[in-house]
Amino acid sequence: MFPQQRQLGFSRRAFVSAGVGVGLALRSGGAYGAPPRRGAPRTLHIDPRGGGDHTTVQAAVDAVSGDGWTLVLAPGVYRETVSVPATATGMTWLGAARDPRRTVVVFGNAAGTPRPDGSGTYGTSGSATVTLRPDGFTARGITFANDWLRADHPGVTGTQAVALKVTGDRSAFFDCRFLGHQDTLYADSPALTTFARQYFHGCYVEGDVDFVFGRATAVFEDCHFRTLARTDLAGAPYGFVLAPSTAAANPLGYLVTRSRISSAAPDGYYKLARPWVPSSDTTARPMLVVRDTHLGPGIDAVAPYAAMSDAHPWQEQRFAEYRNSGPGAVVTVPENRPRLTRAEAARHTPARYLGDWRPRV
């Protein structure tokens, strides 16, 4: 276990405690409203101690049919993988405690983990603790985590370990936490031709390599990204915060606004982003705008971007910044920091990215 992981309580033995992660200063009232009363239509209560309708989240998902269901998760650790089908549209998950540190859905598969049936390894998508496919999904006050650790598996080369993969359109997450290392949060779409919109508000995400990635049209507003320390590397870079893989036909990719990036690593040891052009879409043109965001000293201010492969240099992608602050945002080499004009920035707002959808905070 790395020193930072020990400090954050990132272990199977003590996953939920007041000291797990740095988190956000969460609002204590008003955001959630009263949880649905027991017995309300299309509401199921999940409690790992047996006090609800089901003891696991997957059992509750399997029990419902149709759209509009609400799952209320009692405080506790749900050690399981969960897969929600595309047919469960309009589903909502509520952490009953409101504090996401008290309601944790966690598992520990990596891309290189062998499947129990001997059919190979899980791969990146298969490693996800939670996979969400439906449109109109909402989650509040829940931690999604993958606690697979490189140090525990030195022989495994597929170290991608996804906490959450979400592909549905109009997917919203409020005051949630996403914990992992490589490929923590996979904000994606179900197909190259589908432009799924996703919204993250007041959320906390931590990791090291490409820990927010995918091809969704995703807005991160008032969020906190934290880069982790590593003892398996001798020097920089330790990793990358964002790795969008936006389809070329999609005019809008990732937007980070009014957020902050902090670090547990040495100053300048992380890149802000690199473009992901996957083998499944070699024409992708990753898009990222980071604006009005505080970039801490962990970000390399001289060269904040890098290529994932020589065939796709970051300079040929759609990366830009606007009015960022902090030591990681200092412009020392202008050609390494593409910036929007004020007129251009006016076109990169949550309202434009989300279109006719207005998630309710």
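What you see is a predicted model, and the numbers here were worked out from it, not measured in a lab.

What counts and how
- Residues numbered from 1 in each chain as written.
- Predicted model: local features only at pLDDT ≥ 70, side-chain atom pairs only at ≥ 80, totals over all residues.
- Heavy atoms only, no water.
- Helix = DSSP H or I, 4+ residues; strand = E, 2+ residues; numbered from the N terminus.
- Buried < 20%, exposed > 50% of the residue type's maximum accessible area, 1.4 Å probe, protein only.
- Contact = heavy atoms within 4.5 Å.
- Pairing = 2+ DSSP bridges.
- pLDDT = per-residue confidence, 0-100.
- Core = buried A, V, L, I, M, F, W, Y, C linked by side-chain atoms within 4.5 Å.
- Axes fitted to C-alpha atoms, helices over the stretch in contact; angles between N-to-C directions.
- Salt bridge = Lys/Arg side-chain N within 4 Å of Asp/Glu carboxyl O.
- Phe/Tyr/Trp six-rings, centres within 6.5 Å; stacked < 30°, edge-to-face > 60°.
- Lys NZ or Arg CZ within 6 Å of the ring centre and 35° of its normal.
- Polar contact = N/O pair within 3.5 Å; in protein donor to acceptor, adjacent residues only side chain to side chain.

Engineer: Outline the overall build of the protein, listing residues and values.
Structural biologist: Secondary structure assignment for the protein yields five helices and 25 strands. Residues counted as buried form 58% of the 361 residues belonging to the protein. Taking all contacts inside the protein whose residues are at least 6 apart in sequence as the whole, residues at least 24 apart take part in 73%.

Engineer: How would you summarise the pairing of strand S9 (residues 143-146) if you had to cite specific residues and measurements?
Structural biologist: Walk down a regular strand and you will see the side chains alternate between the two sheet faces. The side-chain alternation of S9 yields two buried faces, one formed by Thr143 and Ala145 and the other by Phe144 and Asn146. Across four bridges, strand S6 (residues 103-107) lies against S9 in parallel orientation. By the bridge assignment for S9, Val104 is matched with Thr143. Pairing analysis gives three bridges linking S9 to strand S12 (residues 177-179), with the strands arranged parallel. Paired with Phe144 across the two strands is Phe178, which belongs to S12.

Engineer: Describe the confidence of the model for the protein, naming the residues involved and giving the relevant values.
Structural biologist: In the predicted model, the protein carries a mean pLDDT of 90, and the fraction of residues at 70 or more is 89%. Across residues 1-35, confidence stays below pLDDT 50; counting only partners more than four residues off in sequence or on other chains, it has 96 contacts.

Engineer: I'd like to hear about the nonpolar core, residue by residue, with values.
Structural biologist: Grouped together as the largest cluster of nonpolar side chains are 59 residues, with contacts concentrated most on Trp93, Phe173 and Phe200. Ala320, Ala345, Tyr353 and Trp357 belong to the second-largest nonpolar core, a separate cluster that totals 15 residues.

Engineer: Describe the sheet that holds strand S22 (residues 270-273), and please don't skip the residues or the numbers.
Structural biologist: Here seven strands make up an open sheet; going across it, the order is S4-S7-S10-S13-S16-S19-S22 and the pairing parallel. Only two strands of the sheet have a single neighbouring strand rather than two, namely strand S4 (82-84) and S22. Strand-to-strand twist in this sheet, taken as the mean axis angle between neighbours without regard to direction, amounts to 15°. Bridge analysis of strand S10 (residues 164-166) against strand S13 (residues 185-187) gives three bridges, and the strand direction is parallel.

Engineer: Could you give me a rundown of the pattern of salt bridges, with the residues and numbers involved?
Structural biologist: Counted under the stated rule, the structure contains 16 salt bridges. The shortest N-O distance in the salt bridge between Asp222 and Arg258 comes to 2.9 Å. Placement of the pair is Asp222 in the loop between strand S17 (217-221) and strand S18 (224-227) and Arg258 in the loop between strand S20 (254-257) and strand S21 (260-263), with a sequence separation of 36 residues. Arg258 gets classed as partly exposed once you look at its relative accessible area, which sits at 47%. Across the salt bridge formed by Lys271 and Asp300, the nearest N and O atoms sit 2.9 Å from each other. With Lys271 in strand S22 and Asp300 in the loop between strand S24 (294-295) and strand S25 (318-322), this pair connects stretches of sequence that are 29 residues apart. Taken as a pair, Lys271 and Asp300 share a single burial class, namely buried. Several salt bridges converge on common partners, so that one network encompasses Asp169, Arg170, Arg197 and Asp356.

Engineer: Account for the packing of aromatic side chains, naming residues and giving values.
Structural biologist: The tally for this structure, following the rule as stated, stands at 19 aromatic pairs. With a centroid separation of 4.0 Å and 20° between ring planes, the pair formed by Tyr186 and Phe213 is classed as stacked. Highlighted residues: Tyr186 in strand S13 and Phe213 in strand S16 (residues 212-214), separated in sequence by 27 residues. Per residue, the accessibility class of Tyr186 equals that of Phe213, and both read buried. Between Arg140 and the ring centre of Phe174, over which it is positioned, the NZ or CZ distance is 4.1 Å.

Engineer: Describe in detail unusual backbone geometry, supporting the description with residues and values.
Structural biologist: Outside of glycine, negative phi angles account for most residues, and trans bonds account for most peptide bonds. Following Ala236, the chain continues into Pro237 via a peptide bond in cis, with omega recorded as -5°. Within the fold, Pro237 resides in the loop between S18 and strand S19 (239-244). Of note in the backbone geometry, Asp183 takes a positive phi value of approximately 60° without being a glycine. Although it is not a glycine, Asp210 sits at a positive phi angle of roughly 45°. Considering the arrangement of structural elements, one finds Asp210 in the loop between strand S15 (204-207) and S16.

Engineer: Now, about the side chain of Ser189: what can you tell me, with residues and values included?
Structural biologist: Residue placement: Ser189 occurs in the loop between S13 and strand S14 (197-201). Reaching out from Ser189, the side chain makes a polar contact with the backbone oxygen of Ala191 at a distance of 2.9 Å. Within the structure, the side chain of Ser189 is placed 3.1 Å from the backbone oxygen of Thr194, a separation counted as a polar contact. Contact partners of Ser189, with chain neighbours within four places excluded, come to Thr167, Thr194, Ala196, Arg215 and Ala216.

Engineer: Outline the sheet that holds strand S23 (residues 287-291), supporting the account with residue identities and numerical values.
Structural biologist: The strand order across the open sheet built from 10 strands is S1-S2-S5-S8-S11-S14-S17-S20-S23-S25, with neighbouring strands paired in parallel fashion. Among the strands making up the open sheet, the edge pair consists of strand S1 (43-46) and S25. The average undirected angle you get between the axes of adjacent strands in this sheet is 10°. Of the strand pairs in this sheet, S23 and S25 are connected by five bridges, and their pairing is parallel. If you follow Arg291 over to S25, its bridge partner there is Tyr322.

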